[in-house]
Amino acid sequence: MARTPLVAGNWKMNLDHLEAIALVQQLVYHLERSDFEAVEVAVLPPFTDLRSIQTLIEGDRLPIALGAQDTHWEDAGAFTGEISPGMLARLHCRYVLAGHSERRALFGETDEIVNRKLQAILRHGMVPILCVGETLEEREAGRADEVVVGQLEGGLAAVTAEQAGDLVVAYEPVWAIGTGRTALPEDADAMCGLVRRTLAERFGQGIADGARVLYGGSVKPANAKALLTQPEVDGALVGGASISAEDFAVICRFPRL
Ligand code: PEP
């Protein structure tokens, strides 16, 4: 099955709303219509930028999908400082990350919390990008497969095949995120293949064949082609390099590199 690759830029806690507008304007300047036809491009700005970027994308009819980096799982209530999935859906967010390793490591998100968030994202008609990946210790102990399968099972608990139709999973080895180290292309391919086989066991081959499995972890212009042209890799979740319009544009153009 032909899957349209997705390249999503996770800006993390970078760029205020004015810088955000400038970055998206530069990005579209660097990309051509044919690039957007070959690859779906998404940006995941901080919450305070979302409304500005939504207005820019819709006002200028830019072929860029909008996404958020996190959500609470409840629809409303006494959760000071949190953002609800309904608020994100109203801003026309298409994607929302769930289970990014920084949320797991720095904010104590367990598989159970990730699952609640993922279900909330689905409930509001948005597409979760479920992030999974092992630490260096887990890889060195030969436990990478077990950890990734466990995170998939935990994150996707109680999700039905019908809900999983558009699912995106990002395989992001923790030791490669923000470190400049990347997985070998063949290892990225093998782990994305493992993700797909796990989805097939859980939801059936049809859903697994349609799901996009991304690689994330220090994707840069220099390594994008080797990593993203692997058969099981359907694009990238890009952190650091996504806050440079030039670098992110090169990564988005990986099929042409
Ligand atoms: C990320 O934040 O998901 C990520 C992959 O970051 P980086 O590209 O900086 O490693």
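Look above for the structure.
An account of the accompanying structure is given in this report. Bear in mind that the values here come from a model prediction, so they are computed numbers and not experimental data.

## So, the site of the ligand
Part 1 of the reasoning: Around the ligand there are 14 residues in total, and K12, E172, G178, S218 and G240 lie nearest to it.
Part 2 of the reasoning: Within the side chain of N10, a nitrogen or oxygen atom sits 3.1 Å from an oxygen atom of the ligand.
Part 3 of the reasoning: Within the backbone of G178, one N or O atom sits 2.6 Å away from an oxygen atom of the ligand.
Part 4 of the reasoning: Burial of the ligand by the surrounding chains reaches 98%, relative to a free accessible area of 290 Å².
Part 5 of the reasoning: Of the residues contributing to the shell around the ligand, the split by class is four nonpolar, eight polar and two charged.

## What to know about the sheet that holds strand β5 (residues 127–132)
Part 1 of the reasoning: Ordered by their spatial adjacency, eight strands build a closed barrel running β1-β2-β3-β4-β5-β6-β7-β8, and the pairing between neighbours is parallel. The average undirected angle you get between the axes of adjacent strands in this sheet is 25°.
Part 2 of the reasoning: As judged from the two bridges shared by strand β7 (residues 212–216) and strand β8 (residues 235–238), these two strands associate in the parallel manner. In the sheet register, G216 faces β8, and the bridge partner there is L237.
Part 3 of the reasoning: Here helix α12 (residues 245–252) sits on the sheet in contact with β1 (6–10), β2 (40–44) and β8, set at roughly 160° to β1.

## Re unusual backbone geometry
Part 1 of the reasoning: One non-glycine residue, K12, adopts positive backbone phi at about 55°.
Part 2 of the reasoning: As for its position among the elements, K12 is in the loop between β1 and α1 (17–30).
Part 3 of the reasoning: Positioned with a positive phi, R61 is a non-glycine residue whose angle comes to about 50°.
Part 4 of the reasoning: Inspection of the secondary structure assignment puts R61 in the loop between α3 (50–59) and β3 (64–68).

## Some remarks on α1
Part 1 of the reasoning: With 14 residues, α1 extends 20 Å from end C-alpha to end C-alpha; this agrees with the ideal 20 Å at 1.5 Å per step.
Part 2 of the reasoning: Taken residue by residue, α1 has A20, L23, V24 and L27 as its buried positions. End-on view of α1: buried residues confined to an arc of 95°, all on one side of the axis. Opposite the packed face of α1, turned more than 90 degrees from it, sit the exposed residues L18 and Y29.
Part 3 of the reasoning: In the core, the buried residues of α1 are packed alongside β2, α3, β3 and α12.

## Quick word on empty space enclosed by the protein
Part 1 of the reasoning: A complete count under the given rule lists one cavity of 30 Å³ or more for this structure.
Part 2 of the reasoning: Taken together, G99, H100, S101, R104, C131, V132, G133, Q151, E172, V174 and I177 make up the full set of residues lining the largest cavity.
Part 3 of the reasoning: Classifying every residue of the lining of the largest cavity by side-chain character gives four nonpolar, five polar and two charged.

## Section: the state of the cysteines
Part 1 of the reasoning: In the structure shown here, the tally under the stated rule is zero disulfides.
Part 2 of the reasoning: Lacking any disulfide linkage, C93 is separated from the closest cysteine sulfur, that of C131, by 15 Å.
Part 3 of the reasoning: By relative accessible area, C93 is classed as buried at 5%.
Part 4 of the reasoning: With no disulfide of its own, C131 has C192 as its nearest cysteine by sulfur position, at a separation of 12 Å.
Part 5 of the reasoning: Residue classification places C131 among the buried residues on the basis of a relative accessible area of 2%.

## Looking at the layout of surface pockets
Part 1 of the reasoning: As a volume, the largest pocket reaches approximately 390 Å³.
Part 2 of the reasoning: Lining the largest pocket are 14 residues, and of these K12, M13, Q69, R103 and F107 sit closest to its centre.
Part 3 of the reasoning: Top contributing element to the lining of the largest pocket by residue count: helix α5 (residues 101–107), with four residues.
Part 4 of the reasoning: Grouping the constituent residues of the lining of the largest pocket by class yields seven nonpolar, three polar and four charged.

Basis of the calculations
- Residues numbered from 1 in each chain as written.
- Predicted model: local features only at pLDDT ≥ 70, side-chain atom pairs only at ≥ 80, totals over all residues.
- Heavy atoms only, no water.
- Near = heavy atom within 4 Å.
- Polar contact = N/O pair within 3.5 Å; in protein donor to acceptor, adjacent residues only side chain to side chain.
- Areas by Shrake-Rupley, 256 points an atom, 1.4 Å probe, with all protein chains shown as cover.
- Nonpolar A, V, L, I, M, F, W, Y, C, P; charged D, E, K, R; others polar.
- Pairing = 2+ DSSP bridges.
- Helix = DSSP H or I, 4+ residues; strand = E, 2+ residues; numbered from the N terminus.
- Axes fitted to C-alpha atoms, helices over the stretch in contact; angles between N-to-C directions.
- Contact = heavy atoms within 4.5 Å.
- Expected span 1.5 Å × (residues − 1).
- Buried < 20%, exposed > 50% of the residue type's maximum accessible area, 1.4 Å probe, protein only.
- Arc of directions from axis to C-beta.
- 1 Å grid on protein atoms, 1.4 Å probe; cavity = no way out; pocket = protein on both sides within 12 Å on 5 of 7 lines; lining within 4 Å.
- Points joined across faces, edges and corners; volume = space filled by probe spheres on them.
- Disulfide = S-S within 2.5 Å.

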